Amino acid sequence: MPTLELREVFKKYGTVEAVRGISLECRDREFLVILGPSGAGKTSTLKMIAGLEPLSGGEIRIDGRCADALPPKDRDVAMVFETYALYPHLTVCQNLAFPLRSPAFRLPEEQIEARVRETARILQMESLLHRRPAELSGGQKQRVSLGRALIRCPGLLLMDEPLSHLDAHLRHRMRRELKRMQAARQSTVVYVTHDYLEALALADRLVILDRGRVRQTGTPSEVYHSPADTSVALLLGHPRINLLSARIRNCDTDSDRLVLESEAGILPLPEEFRPLLQGRTEVVLGIRPHHIRLEEEASGHGWQGRVYAHENLGYRNLLEIEAGSCRLDVRCRESNFAVGSDTRLTFAESRLLLFDKNTGKNLKA
Ligand code: ADP
Ligand code: MG
């Protein structure tokens, strides 16, 4: 049974439609990540689950029961916000212990102390326990507010971009600790982020939200390798996937090789694409930057290109290549490409994605 279920949930603020009919399930002990750009409706969704905002339509069920009648304190839900709400007059230690001293818990002091120590260890803030919030950096405050939710071991933990104020190194460390903690405690987590790497790294399953609607639900491999549409494909990956309009040639004559004609060049397609293209004249071609190879020899198959920009990151190279009237992002290992030099582009054909020209839907999905 899912721990949490949303059925056709709507949220309106005046005339603003923040959430437009979201349905999703979070199973028991699942790490569910809601990924979407800013303004997608992520925070509104979490607040409705926590009971902090009323629904404008639809239903939320927690453990099979309709949550409408449940006030926030009876939902066994803890929420970590993007902004931290700490008690300024209390130390970190007292802030962490605060929820455990509430009437709902009333734990004996030695158990409180043990949980504070364990939480401080996970969040690497043992040395901060005696400071007050005013003596902490933004990232440290964010860890304390995370700790205050974790320490309660709630049935359902809701996290709204909880790592956004940390520097890159700490964010990565904390991401791993969060995943370990969730596995060890077997908690059910709904985690919201706009960072696709964080989402892929943490999620058992992802729900991809855009402009108040669910675009796709699936495991990290499913959404990455088979994005439902161009909006999902654009969200997953950096640099972003290259999208090109292309005309189809020879789709209805079995004798000739199937060919896509784009403004960057002509691309013969593997036969397996033929059934998808029957009856179409145009598509959107999607090529991820790391599925393009740059060849040094000028002659051969592929597209002719010229290096427009080159960033050498040491362990990899990001290039922008002019091909025809298009510019394509390319990610590769080799670094001997000077700006302005000629190159030839070839592709990992089996990785090519094709989308409907009008709806943006993935033709294979
Ligand atoms: P996200 O967390 O994905 O960035 P939000 O749920 O915060 O998205 O917001 C979704 C939309 O609803 C945005 O257009 C935002 O401006 C609007 N919105 C959010 N909260 C309010 C509010 N209290 N009053 C009016 N509009 C709001
Ligand atoms: Mg938000």
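Residues numbered from 1 in each chain as written. Chains lettered and ligands numbered in written order. Predicted model: local features only at pLDDT ≥ 70, side-chain atom pairs only at ≥ 80, totals over all residues. Heavy atoms only, no water.

1. Here we look at the site of ligand 1
Near ligand 1 the following residues occur: Y13, V16, A18, P37, S38, G39, A40, G41, K42, T43 and S44. At 2.7 Å, a backbone N or O of G39 approaches an oxygen atom of ligand 1. G41 places a main-chain nitrogen or oxygen 3.0 Å from an oxygen atom of ligand 1. Considered on its own, ligand 1 offers 560 Å² of accessible surface; in the complex 58% of this is hidden by protein. For the shell around ligand 1, the elements supplying multiple residues, two or more each, are strand 2 (16–27) and helix 1 (42–50). Ranked by residue count, the leading element in the shell around ligand 1 is helix 1, at 3 residues. (Near = heavy atom within 4 Å. Polar contact = N/O pair within 3.5 Å; in protein donor to acceptor, adjacent residues only side chain to side chain. Areas by Shrake-Rupley, 256 points an atom, 1.4 Å probe, with all protein chains shown as cover. Helix = DSSP H or I, 4+ residues; strand = E, 2+ residues; numbered from the N terminus.)

2. So, the environment of S38
Along the chain, the position of S38 falls in the loop between strand 3 (31–35) and helix 1. Sequence separation of S38 and T193 is 155 residues, and the distance between their C-alpha atoms is 9.1 Å.

3. Remarks on the sheet that holds strand 6 (residues 77–80)
Strand order in the open sheet made by the 6 strands is 6-7-8-3-9-10, with mixed pairing throughout. Of all the strands in the sheet, the pair left with one neighbour each is strand 6 and strand 10 (213–218). Pairs of neighbouring strands in the sheet enclose a mean axial angle of 15 degrees, with direction left out of account. Pairing of strand 7 (residues 156–160) with strand 8 (residues 188–193) involves 5 bridges; the strand directions are parallel. By the bridge assignment, L158 is partnered in strand 8 with V190. The sheet contacts of helix 5 (residues 168–185) involve strand 3, strand 7 and strand 8, and relative to strand 3 the element is tilted by about 140 degrees. (Pairing = 2+ DSSP bridges. Axes fitted to C-alpha atoms, helices over the stretch in contact; angles between N-to-C directions. Contact = heavy atoms within 4.5 Å.)

4. Points about the pairing of strand 10
As paired elements, strand 9 (residues 205–210) and strand 10 share 5 bridges and run antiparallel to each other. Looking at strand 10, one finds that L206 is bridged to G218. Here strand 9 folds back onto strand 10 in antiparallel fashion, the turn holding 2 residues, of which R211 has a positive phi close to 45 degrees.

5. Brief notes about the domain arrangement of the chain
Frequently, the measure chosen for interface size is the accessible area that the parts lose on association. Partitioning the chain into domains gives domain 1 (4–230) and domain 2 (242–356). Centre-to-centre, using C-alpha coordinates, domain 1 lies 40 Å away from domain 2. Listed per partner, the contact involves 5 residues of domain 1 and 6 residues of domain 2. Both faces combined, the contact of domain 1 with domain 2 buries some 510 Å², and carbon together with sulfur accounts for 64% of it. Where domain 1 packs against domain 2, one counts 0 salt bridges. For the interface between domain 1 and domain 2, the tally reads 1 residue pair in polar contact (both at pLDDT 80 or more). When grouped by side-chain class, the residues that make up the side of domain 1 that touches domain 2 number 2 nonpolar, 2 polar and 1 charged. (Domains from an automatic or database assignment. Buried area = accessible area lost by both parts, 1.4 Å probe. Salt bridge = Lys/Arg side-chain N within 4 Å of Asp/Glu carboxyl O. Nonpolar A, V, L, I, M, F, W, Y, C, P; charged D, E, K, R; others polar.)

6. Regarding the pattern of salt bridges
Here the structure, examined in full by the defined rule, presents 23 salt bridges. Look at the salt bridges and you will find they share partners, linking E5, R7, E59 and R61 into a network.

7. Describing the packing of aromatic side chains
Throughout the structure, instances matching the rule amount to 3 aromatic pairs. Look at F31 and Y191: their rings are 5.8 Å apart centre to centre, the planes differ by 45 degrees, and that puts the pair in the tilted class. Residue F31 is located in strand 3, and its partner Y191 is located in strand 8; the two are separated by 160 residues in the primary sequence. Using a relative accessible area of 0% as the deciding quantity, one classes F31 as buried. Y191 gets classed as buried once you look at its relative accessible area, which sits at 0%. For the pair W303 and F347, a centre-to-centre distance of 4.7 Å together with 65 degrees between the ring planes defines the contact as edge-to-face. With W303 in strand 16 (residues 303–312) and F347 in strand 19 (residues 342–347), this residue pair connects regions lying 44 residues apart in the sequence. When the ring centre of Y224 is taken as reference, the NZ or CZ atom of R288 above it lies at 4.0 Å. Note that R327 overlies the ring of Y308, its terminal NZ or CZ placed 3.6 Å from the centroid. (Phe/Tyr/Trp six-rings, centres within 6.5 Å; stacked < 30°, edge-to-face > 60°. Buried < 20%, exposed > 50% of the residue type's maximum accessible area, 1.4 Å probe, protein only. Lys NZ or Arg CZ within 6 Å of the ring centre and 35° of its normal.)

8. Let's talk about the packing of helix 4 (residues 138–150) against helix 5
Put simply, helix 4 and helix 5 touch, their axes get as near as 13 Å, and they point 5 degrees apart. Relative to helix 5, the element helix 4 lies roughly parallel. From helix 4, R143, L146 and L150 reach across to helix 5, where they touch L170, M174, M181 and R185. Among the residues forming the contact of helix 4 with helix 5, the class breakdown is 5 nonpolar, no polar and 2 charged. (Parallel < 35°, antiparallel > 145°, perpendicular 65-115°, else oblique.)

9. Some thoughts on the sheet that holds strand 11 (residues 242–249)
The 5 strands lie next to each other as 13-12-11-14-20, forming an open sheet whose pairing is antiparallel. The sheet terminates laterally at strand 13 (265–268) and strand 20 (353–356), the two strands that pair on one side only. Neighbouring strand axes in the sheet, compared pairwise and without regard to direction, differ in orientation by 40 degrees on average. Bridge count between strand 14 (residues 282–287) and strand 20: 4 bridges; the pairing is antiparallel. Its bridge partner being in strand 20, L285 is matched across the sheet by L354.

10. Observations concerning helix 3 (residues 109–122)
Between its terminal C-alpha atoms helix 3 stretches 20 Å, which fits the 20 Å expected from 14 residues at 1.5 Å a residue. Of the positions making up helix 3, those classed as buried are I112, V116, T119, A120 and I122. Down the axis, helix 3 shows its buried residues gathered within 155 degrees of arc, on one side only. The exposed residues of helix 3 that point more than 90 degrees off its buried face are E110, E113 and R117. (Expected span 1.5 Å × (residues − 1). Arc of directions from axis to C-beta.)

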